[in-house]
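Summary of structural features
Below are the chains, spelled out letter by letter.
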Amino acid sequence: MRGRCKDVLLAVVVVISASMMISARPSGGTVSGKITYEGTPAKQKPIDMSKEPTCAKQYTTPPTTETVVTGPNNALENVVVYISAGAPDEAAPSKAAVFTQKGCRYLPHVLAFQVNQELNVLNDDQTSHNIHPLAKINREWNKSQPPGSPPIVDKYDKAEMIAVKCNIHPWMHGTFAVLKNSHYAISGQDGAFTLPNLPPGKYTITAFHESYGDQSQDVTISGSEAKTVSFTFKAKPY
Amino acid sequence: MRRMNVAKCLAGIAALLAAPLLVSGQQAESHIGKVNGHADTGKQLYFRYCWGCHGFRGNGSGENWMPTGSYPDSPYLNIQPRDFVTATFKCRSTPTGTLPTDQDLYNSLVRGLINSNMPSWVTLTDQNRADLVAYIKSFSERWKTDKAGAEINVPAEPALTVQSIQHGKELFTKLECWKCHGPEGRGDGPSASTLTDSNDQPIRPYNFAAGSRFKCGTTNHDLYKIFMTGLDGTPMPSFADVIKPDEAWDLVHYLRTLQISHKSPELALWEGTKEGAEIVKAQRVRGTPTGSGVNQ
């Protein structure tokens, strides 16, 4: 009798795990859309890198600040779009998120990765940087990284939008978007984003911009439908 | 039988209810050597001595502080008192991004922080200070989830040599300490004027020429810890990943020679060499011993 019970249990486990494998396969709905601004965004100023010649010589024309980056047709770049509610927390992927300091700028300007995902910070420059993520929910640290140093390896155990700066080069600002699941995107030059492979359900989609804060919208996905969600940020000229 | 079950159940509920009390009991204490501090006593002391600056919520917004640019135009403290809620502390013996030890907090109370309005609380008793440390820790949730970091290992100081000072000088250039602290350590490097702390308040890099004490102590051992742990919440980063322990002592020896108004074995040895004598002489001509009149 006991042996039979075991068999039944085993069968149930097999069926459940099989069904989970099927649902884990990339399928489901898609949310896509465009991020735009209305109003006049702050004019981005050219960065004076004359005090850091090794960086300055990498540019023919001085690069501008990146607090607001726009594209044609009022497109807003560098907006993190993610699911803030409705999706389960996910385990971190094994691939590390890479943040590079090159030409005294951050590449990418906004880096999104998951809670407990490995973060690698590289210095490609011929000058020292200090990496100072101003975390409020996670622990704040500040490390020096002279040229030729190995990558700084770290991870964050709580979701947070963290402003990152280099105190030596005051124009260097970036963002770490530490998120709870893998459903996120960062708007490109055309302001477009796509969140694919969403299982049916009710979600809150949040868009975060470093200067304009965040906005949220609710969306319900059934089956493999594609929905369009768009966000418009009010731009301030100063 | 049934009564037994009920009794067991009640005992279980009692245990559950008591658990948080036990946990909070643990946080409400501090341990400094043989002295155990208690938050309830510390609370009374805090509301007598500390709250005017650090505020009744412990967030550094007491009525003695006003942010730069507020009205009336900053007649009070020009450096924001420590915010105990974020629990980010400058003076630690633990790596950057970790909580300090009880002893670290206690030491800051004994010492006070130079170039700020935080005085030395040496007039209180050991027990008073331990009690205050226990109470200060109750402001932040972090003490409930995180433990203090592991103290960094400071190897024994090697003998002072001219080579050590020279190597320290090379490190000062290579690690670009001068970007903020200036080529002569006067706190006047190219990035100095742009620095802000983590609350966006302006902050100055340390001027070695102006005095003998550091923010986090007076000894070579303290100086070693300052750049290996970093001063969290300020632009001063940790160099623990980029300086080897023996090299760190070389840097300590060189930094001492920048304190031209402070008599030290390092400065004496450095001035005894031809190279060092010329450098120190040139540094002395520029400033007054107090550092006043020096462009910073």
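Residues numbered from 1 in each chain as written. Chains lettered and ligands numbered in written order. Predicted model: local features only at pLDDT ≥ 70, side-chain atom pairs only at ≥ 80, totals over all residues.

For chain B, the helix and strand inventory stands at twelve helices and two strands. Ordered by position from N to C terminus, the α and β elements of chain B give α-β-β-α-α-α-α-α-α-α-α-α-α-α. Residues classed as buried in chain B amount to 39% of the 296 residues present. Counting contacts in chain B only where the partners sit at least 6 residues apart, residues at least 24 apart contribute 63% of the total. (Helix = DSSP H or I, 4+ residues; strand = E, 2+ residues; numbered from the N terminus. Buried ≥ 20, exposed ≤ 12 C-beta atoms within 10 Å, placed from the backbone. Contact = placed C-beta atoms within 7 Å.)

Let us now look at unusual backbone geometry. Residues Leu-107 of chain A and Pro-108 of chain A are joined by a peptide bond in cis, for which omega reads -5 degrees. Here Pro-108 of chain A is to be found in the loop between strand S6 (105-107) and strand S7 (110-114). One non-glycine residue, Asn-74 of chain A, adopts positive backbone phi at about 60 degrees. The topology assignment puts Asn-74 of chain A in the loop between strand S2 (70-71) and strand S3 (75-76). Notably, Asp-200 of chain B is not glycine yet its phi reads approximately 65 degrees, a positive angle. Under the C-beta neighbour-count criterion, Asp-200 of chain B is labelled exposed, with 10 such atoms within 10 Å.

On to the environment of Val-98 of chain A. Residue and element names in this part refer to chain A. By the secondary structure assignment, Val-98 is in strand S5 (residues 97-102). Each C-alpha atom of the pair Val-98 and Val-153 lies 9.6 Å from the other, and the pair is 55 residues apart in sequence. Each residue touching Val-98, except ones within four places of it in the same chain, is listed here: Asn-120 and Leu-122.

What follows covers the interface of chain A and chain B. Each side of the interface is counted separately: chain A has 19 residues, and chain B has 24 residues. Elements supplying a minimum of two residues to the side of chain A that touches chain B: strand S9 (129-133) and strand S10 (143-145) of chain A. Taken together, the residues that form the side of chain A that touches chain B break down as six nonpolar, eight polar and five charged. (Nonpolar A, V, L, I, M, F, W, Y, C, P; charged D, E, K, R; others polar.)

If you look at the biggest cluster of nonpolar residues, it comprises 48 residues, and the most contacted ones within it are Val-79, Val-80, Val-81, Leu-111, Ala-112 and Ala-177 of chain A. Not counting residues within four places of it along the chain, the set of residues in contact with Val-79 of chain A comprises Ile-35, Ile-186, Ser-187, Ala-207, Phe-208 and His-209 of chain A. Listed in part, the 45 residues of the second largest apolar core include Leu-99, Tyr-224, Phe-227 and Trp-270 of chain B. (Core = buried A, V, L, I, M, F, W, Y, C linked by C-beta atoms within 7 Å.)

Before going further, it helps to examine the packing of helix H7 (residues 162-174) of chain B against helix H10 (residues 245-257) of chain B. All names here are of chain B. At a closest axis distance of 7 Å, the pairing of H7 and H10 adopts a crossing angle of 90 degrees. Taken together, the axes of H7 and H10 are roughly perpendicular relative to one another. Listed contacts from H10 to Ser-164, Ile-165, His-167, Gly-168, Lys-169, Leu-171 and Phe-172 of H7 are Glu-247, Trp-249, Asp-250, Leu-251, His-253, Tyr-254, Leu-255 and Thr-257. Residues belonging to the contact of H7 with H10 are distributed by class as follows: seven nonpolar, five polar and three charged. (Axes fitted to C-alpha atoms, helices over the stretch in contact; angles between N-to-C directions. Parallel < 35°, antiparallel > 145°, perpendicular 65-115°, else oblique.)

Here we take up the domain arrangement of chain B. Segmentation of chain B into domains returns domain 1 (29-145) and domain 2 (162-286). Contact with domain 1 of chain B, which involves 14 residues of that partner, is made by 17 residues of domain 2 of chain B. (Domains from an automatic or database assignment.)

Residues and elements named next belong to chain A. Residue alternation in S5 divides its side chains into a buried set, Ala-97, Phe-99 and Gln-101, and an unburied set, Val-98, Thr-100 and Lys-102. Where S5 lies against strand S8 (residues 119-123), five bridges are found, and the strand directions are parallel. Pairing of Phe-99 across the sheet is with Val-121, part of S8. As paired strands, S5 and S6 are joined by three bridges and run antiparallel to one another. Note on S6: the bridge partner recorded for Thr-100 is Leu-107. Where S5 folds back onto S6 in an antiparallel hairpin, the turn is made up of two residues, including Gly-103, whose phi is positive at roughly 60 degrees. (Pairing = 2+ DSSP bridges.)

Residue and element names in this part refer to chain B. Contact geometry for helix H2 (residues 39-49) and helix H5 (residues 126-136): axes closest at 7 Å, N-to-C directions at 95 degrees. Here H5 runs roughly perpendicular to H2, going by the angle between their axes. Every residue of H5 that contacts H2 at Ala-39, Thr-41, Gly-42, Lys-43, Leu-45 and Tyr-46 is listed here: Asn-128, Asp-131, Leu-132, Ala-134 and Tyr-135. In terms of residue class, the contact of H2 with H5 is made up of six nonpolar, three polar and two charged.

Residue and element names in this part refer to chain A. Ordered in space as S7-S13-S12-S9-S10, the five strands form an open sheet in which the pairing is mixed. Edge positions in the sheet fall to S7 and S10, since each of these pairs with one other strand and no more. With strand direction ignored, the average angle separating the axes of adjacent strands in the sheet is 25 degrees. Note that S9 and S10 share three bridges and pair antiparallel. Residue pairing across strands places His-129 opposite Gln-145, the latter belonging to S10.

Residues and elements named next belong to chain B. In terms of residue burial, H5 counts as a mostly covered element, since eight of its eleven residues are buried. For H5, the set of buried residues is Arg-129, Ala-130, Asp-131, Leu-132, Val-133, Ala-134, Tyr-135 and Ile-136. At its buried positions, H5 is contacted by strand S1 (29-32), strand S2 (35-38), H2 and helix H4 (102-111).

Let us look at the pairing of S1 of chain B. Residues and elements named next belong to chain B. With burial as the criterion, only one face of S1 is covered, namely that bearing Ser-30 and Ile-32; the residues Glu-29 and His-31 on the opposite face remain uncovered. By the bridge criterion, four bridges tie S1 to S2 in an arrangement that is antiparallel. Across the sheet, His-31 pairs through a bridge with Asn-36, a residue of S2. Counting the residues between successive antiparallel strands, the hairpin from S1 to S2 contains two residues, one of them, Gly-33, with a positive phi of roughly 60 degrees.

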